[in-house]
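# Coordinates in review
Here are the chains, one letter per residue:
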Amino acid sequence: MKTKPPWLRVRLGLNENFLFLKRLLLDLGLHTVCEQANCPNAVECWNRRTATFLILGDRCSRDCNFCAVAHGPEGPPEADEPERVSEAVRLMGLSFVVITSVTRDDLRDGGASHFADTIAAIRRMSPQALVEVLVPDFNGSQQAVERITMASPDVLGHNVETVARLYSAVRPGADYRRSLGLLAHARRLDNRMPLKSGLMLGLGESRDEVERVLEDLLAAGCTILTLGQYLQPTSGHVPVERFVSPEEFGKWREKALAMGFSGVASAPLVRSSYHAMELYMKGKERMAGPGGPWLAHGLPEEALKVPGSLDKQTN
Ligand code: SF4
């Protein structure tokens, strides 16, 4: 595995917030993507008492070649998990909550109703809290996207992760057009909800390919973007092709803002939930006029075809 450049080395001591979170999550039997995905920001975020909850279990039904989350069979969703997450939100005193999940292709609705129940439970117990959800692609189910948008999260995120050409090597169970289709469908359902997506750089993508993804995301109605360095979790995962410099990330940030994104976080250690509240607030400030940039720009119908839709099974 490639040696990390200095800008990717993180050294921080644990503080009492970190230890509080560790104990709380253990007591409530909750998972976080911070731990399961070996996020390099875990100490920084937990020291600030923020974390991203991972619901629907800690094992993913897919086995992407970039991701450290364990793969394997999971049981049914735990019915009391939404309440336990909302209890953690209350005890942590969060005003902005990020919820994500493993992919659950084994569930009829891909876990969408469990997301909706979790949003509702948080709203009941902490009505002031804003909720961001980062959802899987639900295998292309438009009904699942409808279930999520009906729950009205304050931000709906879905990561495209990489450029279309690298999908077969990096996330073979996913489909670039399907991911864009999810965002575009959410935008058709709600033209004001902030939609967020993210990519990892350093996997072998070209500049033109990244630009094309940014154009596609904007066309799908995406408004908030994160760009960060891909880090190889183990020698069994796809290797890092190159380390992108902080300066290059800075240029991508300027470029993405100029192209029309309302909020952009672009730096080597950025992950989709990194400083999520700050990014949401910045994006909101930049919203210009009624309707603002949340409005869809119109994706060609061809681009919205949804391969492998779960709806065929659930109708
Ligand atoms: S960036 Fe997100 S996943 Fe990583 S530690 Fe922070 S909250 Fe957790």
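These figures come from a predicted structure and were not determined experimentally.

For the protein, the count of helices and strands is 12 helices and 8 strands. Computed over the C-alpha atoms, the radius of gyration of the protein is 18 Å, within 12% of the 20 Å expected from 2.2 N^0.38 for a compact globule of 315 residues. For the protein, the C-alpha atoms occupy an extent of roughly 50 × 45 × 40 Å along the three principal directions. Within the protein, residue pairs in contact and separated by at least 24 positions form 76% of the contacts whose partners lie at least 6 positions apart.

Viewed as axis vectors pointing N to C, helix H6 (residues 142–150) and helix H8 (residues 176–189) meet at an angle of 50°, and their least axial separation amounts to 10 Å. By the angle class used here, H6 and H8 are oblique. Every pair of crossing elements has a handedness; the one defined by H6 and H8 is right-handed. Counted together, Gln-142, Val-145, Glu-146 and Thr-149 of H6 and Leu-182, His-185, Ala-186 and Leu-189 of H8 form the full contact between these two elements. Considered class by class, the residues forming the contact of H6 with H8 number 4 nonpolar, 3 polar and 1 charged.

This paragraph deals with the environment of Pro-82. When you line up the elements, Pro-82 lands in helix H4 (residues 81–92). Expressed as a C-alpha distance, the spacing of Pro-82 and Gly-260, which sit 178 residues apart in the sequence, is 35 Å. Ignoring anything within four residues of it in the chain, the contact list for Pro-82 reads Asp-117, Thr-118 and Ala-121.

Attention now goes to the site of the ligand. Inspection of the region around the ligand gives Val-33, Cys-34, Cys-39, Asn-41, Ala-42, Cys-45, Thr-50, Ala-51, Thr-52, Arg-271, Ser-273 and Tyr-274 as its neighbouring residues. Where the shell around the ligand is concerned, the elements lending two or more residues are helix H2 (33–36) and helix H3 (42–47). Across the shell around the ligand, the residue classes tally to 7 nonpolar, 4 polar and 1 charged.

Taken in spatial order, the 8 strands of this open sheet run S1-S2-S3-S4-S5-S6-S7-S8, and their pairing is mixed. The sheet is open, and its two borders are formed by strand S1 (31–32) and strand S8 (263–266), each paired with just one other strand. Sheet topology places S1 next to strand S2 (residues 52–55); 2 bridges connect them, and they run antiparallel. In the sheet register, His-31 faces S2, and the bridge partner there is Leu-54. Contacts from helix H11 (residues 276–286) reach strand S3 (96–101), strand S4 (130–134), strand S5 (155–157), strand S7 (224–229) and S8 within the one sheet, and its direction differs from that of S8 by about 140°.

We now examine the packing of helix H5 (residues 112–125) against H6. Running from N to C, H5 and H6 cross one another at 0°; their axes reach a closest spacing of 9 Å. As judged from the angle between their axes, H5 and H6 are roughly parallel. Contacts from Ala-112, Ser-113, Phe-115 and Ala-116 in H5 reach Ala-144, Arg-147, Ile-148 and Met-150 in H6.

Moving on: H11. Listed in full, the buried residues belonging to H11 are Ala-276, Leu-279, Tyr-280 and Gly-283. Angularly, the buried residues of H11 cover 100° about the axis, an arc narrow enough to put them on a single face. Those residues of H11 that are exposed and angled more than 90 degrees off the buried face are Glu-278 and Glu-285. Looking at the buried residues of H11, the elements they touch are S3, S4, S5, S7 and S8.

Reading guide: rules and limits
Residues numbered from 1 in each chain as written. Predicted model: local features only at pLDDT ≥ 70, side-chain atom pairs only at ≥ 80, totals over all residues. Helix = DSSP H or I, 4+ residues; strand = E, 2+ residues; numbered from the N terminus. Rg over C-alpha atoms; globule rule 2.2 N^0.38 Å. Contact = placed C-beta atoms within 7 Å. Axes fitted to C-alpha atoms, helices over the stretch in contact; angles between N-to-C directions. Parallel < 35°, antiparallel > 145°, perpendicular 65-115°, else oblique. Left-handed = near helix turned anticlockwise from the far one by under 90°. Nonpolar A, V, L, I, M, F, W, Y, C, P; charged D, E, K, R; others polar. Near = placed C-beta within 6 Å. Pairing = 2+ DSSP bridges. Buried ≥ 20, exposed ≤ 12 C-beta atoms within 10 Å, placed from the backbone. Arc of directions from axis to C-beta.

As far as function goes, none of this settles anything; it's purely spatial.
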